[in-house]
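Structural overview
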Amino acid sequence: MYSAAVANDKGEFAPPRFIAEGELSRLAKNLRILGFDCAYSGGFSLPETVVQALREDRILLTCKPVAETEKLQVHRINSAEPRQQWTATVAAFSLSSCFHPFSRCLECNRQLRPAPTCTDIPPESVRERGLPVFNCPQCGRYYWEGSHVQRMRERLSEWGLSLPKSSSVLSEGSVDDR
Ligand SMILES: [Zn+2]
């Protein structure tokens, strides 16, 4: 019933795109941590969210009973518990083979890009160690391998998902190379 991730016509992997509705902001953020394109409709009504899902070809993630149509794909979330919401979504769409962690802005869902080397935004300890720094082209936030990434790793580990350091785009270099 659900479409799993498939390769596009270039043979590249093309995971599904989502839009999370209403109370599913944490699910949206957790999917973004793993690199999935998940819009969040906070502040918009359900009909407005459906319009956006159709316009942007996104699968609607919702706790509400919303009927699927020929064009609207809906994934009903039946749990209020973030871990269960996340694991059910990953399983339903076979997402576990295509994690691209820490490659997307957690706030606005945009793909991160390497930050200019001249930036003095990260703390000196990060710059001294030469760690790669990325920023969001939309909101301007900066990201690097720091304590926030470590906390995310720990949370995912608690959920049974271990991310080796080498799997993090933040420790590998340019997101544009992918
Ligand atoms: Zn952003």
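The model shown is predicted, which means the values in this text are computed figures rather than measured ones.

Each helix and strand in the chain was counted, giving five helices and nine strands. Listing each helix as α and each strand as β along the chain from the N terminus yields β-β-β-α-β-α-β-β-α-β-α-β-β-α. Burial analysis of the chain (178 residues in total) assigns 28% to the buried set. Partitioning the intrachain contacts of the chain with sequence separation of at least 6 by distance along the chain shows that 54% fall at a separation of at least 24.

The strand order β4-β3-β5-β6 describes an open sheet built from four strands, whose pairing is parallel. The open sheet terminates on both sides in strands that have one partner only, identified here as β4 (38–40) and β6 (74–76). Between one strand axis and the next, the sheet turns by 25 degrees as a mean value, whatever way the strands run. Together, β3 (18–20), β4 and β5 (59–62) form the strand contacts of helix α1 (residues 25–33), whose direction differs from that of β4 by roughly 150 degrees.

The phi dihedral of Asp57 is positive, around 55 degrees, even though this residue is not glycine. In this structure, Asp57 sits in the loop between α2 (46–55) and β5. The backbone of Asn109 sits at a positive phi, close to 75 degrees, despite the residue not being glycine. One can find Asn109 in the loop between α3 (82–92) and β7 (113–114).

Before going further, it helps to spend a moment on the nonpolar core. Among the nonpolar cores identified, the biggest contains 29 residues, and Phe18, Ala20, Leu27, Cys38 and Leu61 are the most heavily contacted of them. Elements supplying a minimum of two residues to this core: β3, α1, β4, α2, β5, β8 (133–135) and β9 (142–144). For this core, the domains that each give at least three residues are domain 1 (6–97) and domain 2 (113–177). Apart from the residues lying within four places of it in its own chain, the contact partners of Phe18 are Leu31, Phe36, Asp37, Cys38, Arg58, Ile59 and Leu61.

What the three strands build is an open sheet, ordered β7-β8-β9; its pairing is antiparallel. Looking at the sheet topology across the chains shown, the edges are occupied by β7 and β9. In this sheet, β8 lies alongside β7 in antiparallel orientation, the contact comprising two bridges. Bridge assignment links Arg113 to a residue of β8, and that residue is Asn135.

Per-residue pLDDT for the chain has a mean of 81; in total, 80% of the residues score no lower than 70. Here residues 166–178 is a poorly scored stretch, pLDDT under 50, and it has 30 contacts once near neighbours within four places are set aside; other chains count.

Moving on to the environment of Val126. Topologically, Val126 is positioned in helix α4 (residues 124–129). Residues Val126 and Trp144, 18 residues apart in the sequence, show an inter-C-alpha distance of 8.0 Å. Aside from chain neighbours lying at most four places away, what touches Val126 is Leu131, Trp144 and Gly146.

Moving on: α2. Every α-helix carries 3.6 residues per turn, so stepping three or four residues along brings you back to the same face. All of the buried residues along α2 are Thr49, Val50 and Ala53. Along α2, the residues classed as buried sweep out an arc of 100 degrees about the axis, all on the same side. Set apart from the buried face of α2 by more than 90 degrees, the exposed residues are Pro47, Glu48 and Arg55. Among the structural elements, β3 and β5 are those in contact with the buried residues of α2. Immediately downstream of α2, the backbone of Asp57 shows phi near 55 degrees, a positive value.

Definitions and cut-offs
- Residues numbered from 1 in each chain as written.
- Predicted model: local features only at pLDDT ≥ 70, side-chain atom pairs only at ≥ 80, totals over all residues.
- Helix = DSSP H or I, 4+ residues; strand = E, 2+ residues; numbered from the N terminus.
- Buried ≥ 20, exposed ≤ 12 C-beta atoms within 10 Å, placed from the backbone.
- Contact = placed C-beta atoms within 7 Å.
- Pairing = 2+ DSSP bridges.
- Axes fitted to C-alpha atoms, helices over the stretch in contact; angles between N-to-C directions.
- Core = buried A, V, L, I, M, F, W, Y, C linked by C-beta atoms within 7 Å.
- Domains from an automatic or database assignment.
- pLDDT = per-residue confidence, 0-100.
- Arc of directions from axis to C-beta.

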